[in-house]
Amino acid sequence: MNTYSFLACLPPMVGRASLWLGSGLVLTGCASFNAQPLTEDELRSQVQADHQQLTQDMVPLPATVTLEEAIARAIKYNAVQRLRAMEEALAHNTFEASKFDMLPKLVASAGYRDRSKDLITRSEDFVTGHFSQGNPYISTDKESTLYSLGFSWSLLDFGQSYYAARQNADRALIAEERRRKTLHNLVQDVRTAYWRVAAHQALQASLRGATQSADLALADVRKVESEKLRSPLEPLRYQRQLLENLRLLETIEQELSPARIELAALMGLVPGQAGGAWKVVEPAPGAHQSWLQRPVEDMEALALLRNPDLRESQYGARIAREETKRVLLRMFPGLSFNYALNHSTDSYLINDSWREAGVQISFNLLGLLSVPAQNRLAKAGVALADQKRMATQMAVLSQLHIARLQFANAAHQYERADAIAEVDQRLTQHVDNQVKVEKQTRQDSVAQQTASILSTLRRYQALATLQSAGSRLQATLGLEPVIEGSDKLPLPELTSAVGQALQRWEAGQLQ
């Protein structure tokens, strides 16, 4: 039986409203829903739309990329950074929306009523208890509409909304601190990946040349072994040394080759755009003695003021204290005021327009039973938040001392690796000269080239570790590029601002 057949079977006494109500109930009851998986076309179109959204308004990558531009691109285009920015915006919008909950309620309403029969009533005699012998009377129309404009305000709801808005304000500030922390991690990752790309770019030609020389030397040694001109042990030893050198060269290439893709992803590029002929500009290593010479007490004071984790825990403690006030507010009775303007189209009403005003006080007596438990819960939340804040404070101080020590160790290791790489480069030049006058073999040249490449790689690795340690110390101190409106700034202006922030960091300037 379909819906219309069912409606046709209804008694004729049922009015139009009942007909539509019955139809809605039948449609609702008979409706069935099945799981609808996404089709391949829908998935494909969604992927294309997301790709277009991610690459929208993105400035094309130039032929050469500086460290400042790489960080600026990460701030502007990185998907994780965009996500944190949107979360921060959502938290601020939630706070702005929650402030309107403190306003009184002004409700405009209209209601329609339809009866199948007239509302006919009769009276009962209060003394005799018998129904009146008079004719019954009609008191309302079959159809009528009621319009109302009501104003109401509750003191208890206002208090709850007030403290909820204060908590949402702190949650917005927490979202801001989480975005700062994400920015710290992003800058650290960009600096590390950037120097790995610089190492691969600097060593690529040397790796290719050393690999070719090793292949030629390996072919010569195998020829000597096959001709049996020498003892078989000596060619085999040479082969093993050459193969070991080739393995080291291949390992270096495999370690550095993904760096371009990593840096491109951090800058917001899709993996397909990681290729191309773009290169990085190798900047100066930068000074680091200024931070090592700064008193630790000054750095501790700065970290306790600006560290995002500590700030987040402080806001969390303030939210817990506001929750305690909300719990205490529930112990008070609710006091509400209301005022309304009403108008009805019922023709039987003599006064079809009227005003209503009222005051109401209410108190949930059984709710008093849960107040002690709620109060203990709120106080426990405050104690937990305070303990978390103190634990975070100790953790931040420990992180500061560890980060400073790691930064000092990384600076020492870089100086040592730089000296070794310089010595190996001079050795390589001398060995190449000896090979030309046939005082050294080609195998010796390959071994020295491999050692020089390896020491140069370790120099770049030590430099990347130094940059990462510096970024970690910077994050612990809560020093990030402070750029107003970084998401909306044009890329050149953002790059310039990042460069100035990096210069202040290299100069050891505290904000």
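We now turn to the structure provided with this report. (Residues numbered from 1 in each chain as written. Predicted model: local features only at pLDDT ≥ 70, side-chain atom pairs only at ≥ 80, totals over all residues. Heavy atoms only, no water.)

1. A few points about the overall build of the chain
Of the regular secondary structure elements, the chain holds 14 helices and 8 strands. Each of the 511 residues in the chain was classed as buried or not, and the buried ones make up 35%. Pairs at least 24 residues apart make up 82% of the contacts formed inside the chain by residues separated by at least 6 positions. As presented, the chain carries roughly 31100 Å² of accessible surface, and 57% of it is formed by carbon and sulfur atoms. (Helix = DSSP H or I, 4+ residues; strand = E, 2+ residues; numbered from the N terminus. Buried < 20%, exposed > 50% of the residue type's maximum accessible area, 1.4 Å probe, protein only. Contact = heavy atoms within 4.5 Å. Areas by Shrake-Rupley, 256 points an atom, 1.4 Å probe, with all protein chains shown as cover.)

2. Comments concerning the packing of aromatic side chains
Inspection of every chain in the model, using the stated rule, returns 4 aromatic pairs. Where Trp153 meets Phe158, the ring centres are 5.9 Å apart and the plane angle is 45°; that geometry is what we call tilted. Overall, Trp153 belongs to the partly exposed group, its relative accessible area being 25%. By the ring-pair criterion, three or more aromatic residues cluster together here, those being Trp153, Phe158, Tyr162, Tyr163 and Phe337. Lying across the ring of Trp278, Arg260 places its NZ or CZ 4.3 Å from the centre. (Phe/Tyr/Trp six-rings, centres within 6.5 Å; stacked < 30°, edge-to-face > 60°. Lys NZ or Arg CZ within 6 Å of the ring centre and 35° of its normal.)

3. Some details on the sheet that holds strand E5 (residues 143-154)
One open sheet holds the 4 strands; their spatial order is E2-E5-E7-E8, and the pairing between them is antiparallel. Single-partner strands in this sheet number two, and they are strand E2 (105-114) and strand E8 (353-362). Ignoring which end each strand starts from, the neighbouring axes of this sheet average 20° apart. In terms of strand pairing, E5 meets strand E7 (residues 334-344) through 9 bridges, oriented antiparallel. The residue of E7 that forms the bridge with Phe151 is Tyr339. The strands touched by helix H6 (residues 155-227) within the sheet are E5 and E7, with E5 carrying the most contacts at an inclination of about 60°. (Pairing = 2+ DSSP bridges. Axes fitted to C-alpha atoms, helices over the stretch in contact; angles between N-to-C directions.)

4. Structural notes on helix H11 (residues 308-329)
In this model, H11 (22 residues) spans 32 Å end to end at C-alpha, consistent with the 32 Å of a helix rising 1.5 Å per residue. Backbone nitrogen of Asp309 and a side-chain oxygen of the N-cap are separated by 3.0 Å at the start of H11; the cap is Asn307. (Expected span 1.5 Å × (residues − 1). Polar contact = N/O pair within 3.5 Å; in protein donor to acceptor, adjacent residues only side chain to side chain.)

5. Some words on helix H7 (residues 233-256)
The end-to-end C-alpha separation of H7 is 35 Å, in line with the 34 Å expected for 24 residues at 1.5 Å each. Three or more residues of H7 are buried, namely Pro235, Gln239, Leu242, Asn245, Leu246, Leu249, Ile252 and Leu256.

6. Some words on the nonpolar core
Judged by nonpolar contacts, the single largest core of 65 residues is most densely connected at Ile71, Val190, Leu263, Leu473 and Leu477. Counting residues per element, this core draws most heavily on H6, at 13 residues. If we skip the residues at most four places from it in the chain, Leu473 touches Met299, Leu400, Ala403, Arg404, Phe407 and Trp505. With 7 residues, the next largest nonpolar core counts Ala214, Ala217, Leu218 and Val446 among its residues. (Core = buried A, V, L, I, M, F, W, Y, C linked by side-chain atoms within 4.5 Å.)

7. Some details on the environment of Asp141
By the secondary structure assignment, Asp141 is in the loop between strand E4 (137-138) and E5. With 27 residues separating them along the chain, Asp141 and Asp114 place their C-alpha atoms 8.6 Å apart. Excluding residues within four positions of it along the chain, Asp141 makes contact with Arg113, Arg115, Thr345, Asp346, Ser347 and Tyr348. A distance of 2.7 Å separates a polar atom in the side chain of Asp141 from the backbone nitrogen of Ser347.

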